[in-house]
Amino acid sequence: QGEILGLTWPKVDLPRGIIILEDTKNGENRAVPLVGHAKEVLHELGKVRRIDTDLIFHSSTKPTAPVAIRRPWAQAVLAAELQDFKFHDLRHTAASYLAMNGASQIEIAEILGHKTLEMVKRYAHLSEAHTRNIVERMSSEIFN
């Protein structure tokens, strides 16, 4: 949630289809593939962005602060009739969808930025193109 709400336009590279996350929770920088519906949404938001803030998801009353999502999130969870579903659970959902669409454990770790499988990652670092293909397959399966 913090990575999304703190996302700024300089960290989005629409032509390359990536988002650069710096100083993440695990202390590492990483490139996250930007594909499908998410890329379309950011492209549209970029057409009408504010000039007084770099934040993508900013508050309507204070552009230098992230948008407050507590109430809309609670309403969405209620409307979907979900029980005890936290924002962070979306990471688990994404990991499950990636796995169901054939992603390996190391691919999932790379995409989500987990610090597991360190030895494997030391010898087989995944390229941006490879992780983008994995996320594109998942996005296509879910949103098309």
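Residues numbered from 1 in each chain as written. Predicted model: local features only at pLDDT ≥ 70, side-chain atom pairs only at ≥ 80, totals over all residues. Heavy atoms only, no water.

Undergrad: Sorry if this is basic, but what is going on with the overall build of the protein here?
TA: Check the secondary structure of the protein and you find 7 helices and 3 strands. Listing every helix and strand of the protein by position from the N terminus yields α-β-β-β-α-α-α-α-α-α. Residues counted as buried form 30% of the 144 residues belonging to the protein. Summarising the internal contacts of the protein: among those between residues at least 6 apart in sequence, 43% fall at separations of at least 24. (Helix = DSSP H or I, 4+ residues; strand = E, 2+ residues; numbered from the N terminus. Buried < 20%, exposed > 50% of the residue type's maximum accessible area, 1.4 Å probe, protein only. Contact = heavy atoms within 4.5 Å.)

Undergrad: Hey, could you run me through the confidence of the model for the protein in this one?
TA: Low-pLDDT portions of the prediction should not be read for the details of their coordinates. Per-residue confidence for the protein gives a mean pLDDT of 84, with 90% of residues at or over 70. Across residues 119–125 the pLDDT falls below 50, and counting only partners more than four positions away or on other chains, this stretch makes 7 contacts in the model. (pLDDT = per-residue confidence, 0-100.)

Undergrad: When you look at the sheet that holds strand β3 (residues 30–33) in this model, what are you seeing that I'm missing?
TA: Picture the strands of a sheet paired through backbone hydrogen bonds; they go either parallel or antiparallel. Sheet architecture is open: 3 strands sit in the order β1-β2-β3, paired in antiparallel fashion. In this open sheet, the two edge strands, each paired with only one partner strand, are β1 (12–13) and β3. Two elements, β1 and strand β2 (residues 18–21), share 2 bridges in a ladder whose sense is antiparallel. Residue pairing in the sheet places Asp13 in a bridge with Ile18 of β2. (Pairing = 2+ DSSP bridges.)

Undergrad: Sorry, what's going on with the nonpolar core here?
TA: Nonpolar side chains in soluble globular proteins generally cluster together in the buried interior. Listed in full, the 10 residues of the largest apolar core are Val35, Ala95, Leu98, Ala103, Ile108, Ile111, Leu112, Ile134, Val135 and Met138. Only α4 (89–100), α5 (105–112) and α7 (128–143) provide two or more residues apiece to this core. In this structure, Ala95 is in contact with Ile108 and Leu112, ignoring residues within four places of it in sequence. Core analysis: the second largest hydrophobic core is formed by 9 residues, Val12, Ile19, Leu34 and Ile56 among them. (Core = buried A, V, L, I, M, F, W, Y, C linked by side-chain atoms within 4.5 Å.)

Undergrad: Just to check I follow, could you spell out the environment of His92 for this structure?
TA: Residue position: His92 is located in helix α4. Through-space distance from the C-alpha of His92 to that of Leu112 is 9.6 Å; in sequence the pair is 20 residues apart.

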